[in-house]
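For reference, the chains in residue letters:
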There are 2 protein chains.
Amino acid sequence: MFTKACGRYDVNVADEDHGALIRRQRRDVPQQMTKPQLDRGAGKPSRRERVREATLVEIKEIARRHLVEHGAAGVSLRAIAREMGMTAPGLYRYVSGIDSLLVLITADMFGELAAAVAAADASVPSEDTDLRILTSLRAFRSWAVTHRAEFATMFGPRVRLAPETDVTPALEAGRRFGATFYTLFDRLLAEERFPLPDGDRITPELARELRAFADTCGFSAPHIPVEAIMVLSTCWVRLYGVVCMEVFEHLNFVMRDMEPLFESELQNILTGLGVRYRTPESSTPVTMSTPD
Amino acid sequence: MFTKACGRYDVNVADEDHGALIRRQRRDVPQQMTKPQLDRGAGKPSRRERVREATLVEIKEIARRHLVEHGAAGVSLRAIAREMGMTAPGLYRYVSGIDSLLVLITADMFGELAAAVAAADASVPSEDTDLRILTSLRAFRSWAVTHRAEFATMFGPRVRLAPETDVTPALEAGRRFGATFYTLFDRLLAEERFPLPDGDRITPELARELRAFADTCGFSAPHIPVEAIMVLSTCWVRLYGVVCMEVFEHLNFVMRDMEPLFESELQNILTGLGVRYRTPESSTPVTMSTPD
DNA sequence: GGTGTTTGCTAACGGTGTTCACTAAAGCGT
DNA sequence: ACGCTTTAGTGAACACCGTTAGCAAACACC
């Protein structure tokens, strides 16, 4: 059984594979190796670069809209080009294929999510760590449920992408997103809010993985004990679980509104972290129409 | 902006929509309304029914193989038909489209997962509730990591299916799968292993959702308190989270082996349930080559 | 103005889901 | 055994999809 690269995915063909299988090296963004001859590298972008950047942004915007309107499977280069008044092959001057376009917008979306969380975080007094955490986590869920399609492509299985696609831009953005929480967690740690779990319940293998986790994610202030990293992982897993379950609608037929369950989980998680939980109403810095 | 039903997904077209939009009622399995005239309803299936059933099974088998080999996006009616030595339209005698085929195999996979868990459960002494739970949950993860593509389509976002697709068969199967765990949980409850959480931390909204959950899932032995249902939900969310995170490979670049983290979460969950945790080695009923 | 880069188009190939009209076969009743 | 009905499967067609190759116009720079 041979596989031949044809169309969108490699797909088995019944008959023999005629000729050698040539997997061409994909030129990432074609014909762009020579910069605008003049070395204006450090200076302001040339007119060409500006308009180029603009159309790339337009491509991504339309792709994004198609994503939310028709789901990940509904994003297609041809439809995007049609809407822009050009043809699909033209887009290859900007993106090296549908896969890389999806990766690009995924990276963008991580940026947006991070910004949304950061904005929520900044909207409360910076010295109130408890409230900041509470607000940030709620903002995460809010963004997720109001951006279901986006969340699914960011945090769901990579079902659309060909397996060999390079996803590092998205990973990078995801890493940066994670950093949003690390600083808050670091504060909790510094304030010694919660007791670290029993160290001898952490097997050597787990310790190794946790160390790798902390190192790769950059937040390895050298003193951080593995126990703390484990707590962070656990919390993240629980948050991820409850939000995924809501966005992927796996309890849909059984639970109409998932917010109460989320709040309950949130309460559990925070309590374990020594953070005071407040109900959504009581935690908003009430400017509730106090008539003066 | 009009949308026209064309090809796989509704997609916006730039030009006007010529003619009325006729959304034909999809006949579920065509030309099968009249049973084989003779009323052999209760008797053994007719020869026709048997061969029909056989080809349906073949279709699903091939689809399944393509799913694991090329991912969900790689399952196509044309490829399946090609492999069976027939043409794509012929498959419409058996399935009403690619979507319903995917739903069908999803339902099958829930059945297999449930069977795998049940088999693991049955492989340990039935009176040892602790070990049964431990084994069942580990079996769940095992199945998930050895059937990643399947797990992704079962528990991930419905990214491939058109939004209006009827997924009830899959949901039904999922519900049956859940029941695998309910009985075990019921035992825990009966044995009063863990203290129920504070009832007044459960808001009325949450209580209502939890009740609905229990009712719909059938395991509403009328005495079950909402507190217990909440514990069950929490556990399920955590299990779901850690397994999803592993299968969807969201910590891939940061953690090579996720098993230690899973075991750690498992330990946390079980401890909260009053179930004794045992490491994988110590929990296997050791027949470890004791030379006689 | 000439020259080289960049952009976008057309045409083409091979893939997809789905419908429709049709043939051939199988099953059933008499 | 014959005829009728129901079914299985085909081929052509339509509207999509991603991607490549070759070419012509637009642009930037000298």
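All of these numbers come straight from a predicted model, not from anything done at the bench.

Each helix and strand in chain A was counted, giving eleven helices and two strands. Counted from the first residue to the last, chain A has its helices and strands arranged as β-β-α-α-α-α-α-α-α-α-α-α-α. Here chain A holds 292 residues, and 49% of them are scored as buried. Once local pairs closer than 6 in sequence are excluded, the contacts in chain A between residues at least 24 apart make up 65%. Element-wise, carbon and sulfur atoms account for 55% of the exposed surface of chain A, whose accessible area totals about 15400 Å².

The next point concerns the nonpolar core. With 173 residues, the main nonpolar core has Phe-140 of chain A together with Phe-140 of chain B as its most contacted residues. Filtering out sequence-adjacent residues up to four positions away, Phe-140 of chain A remains in contact with Leu-113, Val-117, Phe-151, Phe-155, Phe-177, Phe-181, Trp-236, Leu-239 and Val-243 of chain A.

With that out of the way, let us pick up the interface of chain B and chain A. Counting residues at the interface gives 59 residues for chain B and 59 residues for chain A. Here chain B and chain A share an interface that buries about 5300 Å² over both sides, 65% of which is from carbon and sulfur atoms. There are zero salt bridges connecting chain B and chain A. Across the contact surface, chain B and chain A share 14 residue pairs in polar contact (both at pLDDT 80 or more). Counting only elements with at least two residues in the side of chain B that touches chain A, the list comes to strand S2 (10-12), helix H1 (47-70), helix H2 (77-84), helix H6 (148-155), helix H7 (168-190), helix H8 (204-216), helix H9 (226-247) and helix H10 (259-272) of chain B.

Another aspect to go through is the pattern of salt bridges. Residue and element names in this part refer to chain A. Applying the stated rule across the entire model yields 34 salt bridges over all chains. Of the charged contacts in the structure, one is a salt bridge between Glu-263 and Arg-138, with a shortest N-O distance of 2.7 Å. Within this pair, whereas Glu-263 is found in helix H10 (residues 259-272), its partner Arg-138 is found in helix H5 (residues 129-146), the two being separated by 125 residues in sequence. A relative accessible area of 14% places Arg-138 in the buried class. In this structure, Glu-246 engages Arg-141 in a salt bridge whose closest nitrogen and oxygen atoms are separated by 2.9 Å. In this pair, Glu-246 sits in helix H9 (residues 226-247) while Arg-141 sits in helix H5, placing the two residues 105 residues apart along the sequence. On the basis of relative accessible area, Glu-246 is assigned to the buried category, the value being 8%. Overall, Arg-141 belongs to the buried group, its relative accessible area being 10%. Here the salt bridges do not stand alone but share partners, grouping Asp-130, Arg-187, Glu-191 and Arg-193 into one network.

On to helix H7 (residues 168-190) of chain A. Residue and element names in this part refer to chain A. Counted at 1.5 Å a residue, the expected span for H7 with its 23 residues is 33 Å, and the 32 Å between its end C-alpha atoms agrees. At Thr-180, H7 shows its strongest bend, of approximately 25 degrees. For H7, every residue scored as buried is listed here: Ala-170, Ala-173, Gly-174, Phe-177, Gly-178, Thr-180, Phe-181, Tyr-182, Leu-184, Phe-185, Leu-188 and Leu-189. The inward-facing, buried residues of H7 contact helix H4 (98-122), H5, helix H6 (148-155), helix H8 (204-216) and H9. Just downstream of H7, Glu-192 is the residue with a positive phi angle, here 50 degrees.

The subject of this paragraph is the packing of H4 of chain A against H7 of chain A. All names here are of chain A. The geometry of H4 relative to H7 is characterised by a closest axis approach of 7 Å and an angle of 15 degrees between their N-to-C directions. Taken together, the axis directions place H4 and H7 in an arrangement best described as roughly parallel. Read as a crossing pair, H4 and H7 show a hand that is left-handed. Along its contact with H4, which presents Val-103, Thr-106, Ala-107, Phe-110, Leu-113, Ala-114, Val-117, Ala-118 and Asp-121, the element H7 presents Pro-169, Ala-170, Ala-173, Gly-174, Phe-177, Thr-180, Phe-181 and Leu-184.

Each copy of the chain is related to the other by a rotation around an axis and a translation along that axis. Superposition of chain B onto chain A requires a rotation of 180 degrees combined with a translation of 0.0 Å along the rotation axis, giving an RMSD of 0.1 Å. Both copies of the chain, as the preceding transformation shows, are related through a two-fold rotation axis. Relative to the rotation axis, the C-alpha of Gly-241 of chain B is the closest in chain B, positioned 1.8 Å from it. Take the interface residues of chain B: 100% of them recur as interface residues in chain A, which is what a same-surface contact looks like.

Attention shifts here to the state of the cysteines. Using the criterion set out here, one finds zero disulfides over all chains in the structure. Note on Cys-244 of chain B: no disulfide assigned, nearest cysteine sulfur contributed by Cys-244 of chain A at a separation of 5.8 Å.

All names here are of chain A. Considering every residue of chain A, the mean pLDDT works out to 84; 82% of them sit at 70 or more. Under a pLDDT of 50 for its full length, residues 1-7 has, in the predicted model, 16 contacts with residues more than four places off or in other chains. Note on residues 9-41: pLDDT under 50 across the span, and 46 contacts to partners over four residues away in sequence or across chains.

The phi dihedral of Glu-249 of chain A falls on the positive side, at around 60 degrees, and the residue is not glycine. With respect to the element layout, Glu-249 of chain A can be found in the loop between H9 and H10. Since its relative accessible area comes to 27%, Glu-249 of chain A is described here as partly exposed. In the Ramachandran plot, Glu-192 of chain B falls in the positive-phi region, its phi being about 50 degrees despite a non-glycine side chain. With respect to the helices and strands, Glu-192 of chain B occurs in the loop between H7 and H8. Classification of Glu-192 of chain B by relative accessible area gives exposed; the value is 68%.

What counts and what doesn't
Residues numbered from 1 in each chain as written. Chains lettered and ligands numbered in written order. Predicted model: local features only at pLDDT ≥ 70, side-chain atom pairs only at ≥ 80, totals over all residues. Heavy atoms only, no water. Helix = DSSP H or I, 4+ residues; strand = E, 2+ residues; numbered from the N terminus. Buried < 20%, exposed > 50% of the residue type's maximum accessible area, 1.4 Å probe, protein only. Contact = heavy atoms within 4.5 Å. Areas by Shrake-Rupley, 256 points an atom, 1.4 Å probe, with all protein chains shown as cover. Core = buried A, V, L, I, M, F, W, Y, C linked by side-chain atoms within 4.5 Å. Buried area = accessible area lost by both parts, 1.4 Å probe. Salt bridge = Lys/Arg side-chain N within 4 Å of Asp/Glu carboxyl O. Polar contact = N/O pair within 3.5 Å; in protein donor to acceptor, adjacent residues only side chain to side chain. Expected span 1.5 Å × (residues − 1). Bend = angle between axes of the 7 residues up to and from the residue. Axes fitted to C-alpha atoms, helices over the stretch in contact; angles between N-to-C directions. Parallel < 35°, antiparallel > 145°, perpendicular 65-115°, else oblique. Left-handed = near helix turned anticlockwise from the far one by under 90°. Least-squares fit on C-alpha atoms with pLDDT ≥ 70 in both. Disulfide = S-S within 2.5 Å. pLDDT = per-residue confidence, 0-100.

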